[in-house]
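These are the residues of each chain, in order.
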Amino acid sequence: MKEIKSIFFPKPLVLDNGKEVKRPFRSGLLASIIMLVLVGISMDVANFDIGLLIRRGDKFLVILRKMVPPNWDYLPKVWDPMFQTIGMSIFGTFLAGLFGLPLAYYSAVNMNDNRIMRTLFRFFMSIFRTVPVLMLALILTYIFGIGTFTGTMALFLFTTSILAKMTYEQIELVDMGPFEASLSAGTSRMKAFVVSIVPQISGFYISNLLYNLEMNIRSAAILGYVGAGGIGILMNDRISLRMYADLSVVLILLLVTVVIIETLSRVIRKRLV
């Protein structure tokens with residue numbers, strides 16, 4: 001026990017003048033040990049088998065070889081689902097942009113004095129953030145049926161909850177001087193928010209909106225697995241039929257689309273800084 005204690009609480013350093021300097025507690029070492037223990041427990045719970053990974057990992061290369069060369073004759077069938085995926089992502093993100101800011105206003109401590117209302121807003125947003133977007137889309141298929149509308153609504157609800165949380169946390173950190181000055185001049189709280197707070201967070205808000213658009217393109221690509229429309233339907237179909245050359249075309253087009261949107265988003269965000 002003494003040896004273990006000395007590892008975390010090292011003996012004081014004695015200087016030449018006889019004074020003792022207390023050495024700091026080795027918190028980094030303790031954190032590393034705790035992390036290793038948690039990783040070990042997680043590997044056991046997840047039944048992680050590195051031996052199986054080594055033995056069967058080459059099967060991934062077998063699938064990759066079957067994807068080359070791509071079957072470009074399949075490309076005309078990919079365009080329409082790809083446009084559906086892009087449309088779902090853009091419109092779902094656009095709706096989230098419209099609703100995210102008002103929700104952030106009512107969730108911020110320095111904007112909404114009603115604690116009960118504020119807690120309710122945060123609670124419902126936590127629910128939509130907790131449920132994965134794929135599961136959310138599956139639930140919505142039982143309400144709205146199969147199709148791209150369901151996928152759009154799933155992206156809208158999930159993105160709104162994320163955007164609102166990030167924004168109300170930013171609102172709580174802004175300079176309240178202009179807001180309080182507007183209130184003292186007789187302006188309503190909502191108008192004072194628009195005039196004094198929104199200009200401070202507008203760049204941050206648009207940047208997060210664009211980032212969520214990038215994420216939604218990826219998310220929308222797999223919503224077809226649960227019947228929410230988009231390119232995921234083709235991916236599921238091609239994988240089920242083991243037609244990997246066709247799947248390669250779908251993945252290449254998806255990759256090009258994501259890269260283009262990310263590049264445009266990055267350029268816009270740089271201009272906002």
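Residues numbered from 1 in each chain as written. Predicted model: local features only at pLDDT ≥ 70, side-chain atom pairs only at ≥ 80, totals over all residues. Heavy atoms only, no water.

Quick look at the overall build of the protein
Looking only at helices and strands, the protein has 12 helices and two strands in total. Ordered by position in the sequence, the α and β elements of the protein form the string α-β-β-α-α-α-α-α-α-α-α-α-α-α. Within the protein, buried positions represent 35% of all 273 residues. Across the protein, the fraction of contacts at a sequence separation of at least 24, relative to all contacts at a separation of at least 6, is 69%. Carbon and sulfur atoms provide 69% of the accessible area of the protein, an area that totals close to 17000 Å². (Helix = DSSP H or I, 4+ residues; strand = E, 2+ residues; numbered from the N terminus. Buried < 20%, exposed > 50% of the residue type's maximum accessible area, 1.4 Å probe, protein only. Contact = heavy atoms within 4.5 Å. Areas by Shrake-Rupley, 256 points an atom, 1.4 Å probe, with all protein chains shown as cover.)

Details of unusual backbone geometry
One can expect most non-glycine residues to show negative phi and most peptide bonds to be in trans. Non-glycine residue R242 carries a positive phi angle of around 60°. Considering the arrangement of structural elements, one finds R242 in the loop between α11 (232-240) and α12 (244-272).

A closer look at the pattern of salt bridges
For the coordinates displayed, the defined rule picks out four salt bridges. For R122, the salt bridge identified is with E172, shortest N-O distance 2.7 Å. Highlighted residues: R122 in helix α6 (residues 115-130) and E172 in the loop between α8 (148-171) and α9 (177-184), separated in sequence by 50 residues. Look at E172 and you get partly exposed, because its relative accessible area is 31%. (Salt bridge = Lys/Arg side-chain N within 4 Å of Asp/Glu carboxyl O.)

Some points on the nonpolar core
Counting residues in each nonpolar core, the largest one holds 19 residues, and the members touching the most others are V78, M82, I231 and V250. Those residues in contact with V250 that sit more than four places away from it in its chain are Y74, V78, I231, L234 and M235. The next biggest cluster of nonpolar side chains, apart from the first, holds 18 residues, and it includes Y168, F179, A192 and Y205. (Core = buried A, V, L, I, M, F, W, Y, C linked by side-chain atoms within 4.5 Å.)

Some remarks on a nonpolar patch on the surface
Among the surface-exposed residues, M35, V39, M43, F48, I50, L53 and I54 lie close enough to one another that they form a single nonpolar patch of about 710 Å² accessible area. Note on placement: F48 falls in the loop between α2 (27-45) and α3 (50-56). Exposure remark for F48: the relative accessible area of 46% places this residue in the partly exposed category. (Patch = residues over 30% accessible without salt bridge, like charges linked within 9 Å, V, L, I, M, F, W, Y side chains within 5 Å.)

Looking at helix α7 (residues 133-144)
Helix length check: α7, at 12 residues, gives a terminal C-alpha distance of 15 Å against a target of 16 Å (1.5 Å per residue), a fit within 8%. Within α7, the full set of buried residues consists of V133, L136, A137, L140 and T141. One face of α7 carries all of its buried residues, which in axial projection span an arc of 150°. Where α7 is buried, its residues meet α6, α8 and α10 (189-220). Positive phi shows up at G145, right after α7, with a value of about 90°. (Expected span 1.5 Å × (residues − 1). Arc of directions from axis to C-beta.)

Section: the packing of α8 against α10
Contact pair α8 / α10: the axes reach a minimum separation of 9 Å and the direction vectors enclose 145°. Note on packing geometry: the crossing formed by α8 with α10 is right-handed. For the pair α8 and α10, the contacting residues are L155, T159, I162, L163, M166, T167, Q170 and I171 in the first and F193, I197, I201, F204, Y205, N208, L209, N212, N216, S219 and A220 in the second. For the contact of α8 with α10, a count of residues per class yields 12 nonpolar, seven polar and no charged. (Axes fitted to C-alpha atoms, helices over the stretch in contact; angles between N-to-C directions. Left-handed = near helix turned anticlockwise from the far one by under 90°. Nonpolar A, V, L, I, M, F, W, Y, C, P; charged D, E, K, R; others polar.)

Here we look at the environment of G100
Considering the arrangement of structural elements, one finds G100 in helix α5 (residues 79-107). Judged by relative accessible area, which is 0%, G100 ranks as buried.

Some remarks on the packing of α5 against α6
Each pair of packed helices can be described by the angle between their axes along with the distance between the axes. As a packed pair, α5 and α6 sit with axes 8 Å apart at the nearest point and diverge in direction by 135°. Looking at the two axes, α5 sits oblique to α6. Residue-level contacts link L103, Y106 and S107 of α5 to M117, R118, F121, R122 and M125 of α6. Across the contact of α5 with α6, the residue classes break down as five nonpolar, one polar and two charged. (Parallel < 35°, antiparallel > 145°, perpendicular 65-115°, else oblique.)

Notes on the packing of aromatic side chains
Scanning the entire structure with this criterion turns up eight aromatic pairs. Ring geometry for F99 and F156: centres 5.4 Å apart, planes at 65°, overall edge-to-face. Of this pair, F99 sits in helix α5 while F156 sits in helix α8, and the two are 57 residues apart along the sequence. Classification of F99 by relative accessible area gives partly exposed; the value is 45%. On the basis of relative accessibility, which here comes to 11%, the residue F156 falls in the buried class. Relative to F121, the ring of Y106 lies with its centre 5.6 Å away and its plane at 15°, an arrangement referred to as stacked. A residue pair is termed long-range when its members are at least 10 positions apart, and Y106 in helix α5 and F121 in helix α6 qualify at 15 residues. (Phe/Tyr/Trp six-rings, centres within 6.5 Å; stacked < 30°, edge-to-face > 60°.)

Scope: geometric values only; no functional claims are made or implied.
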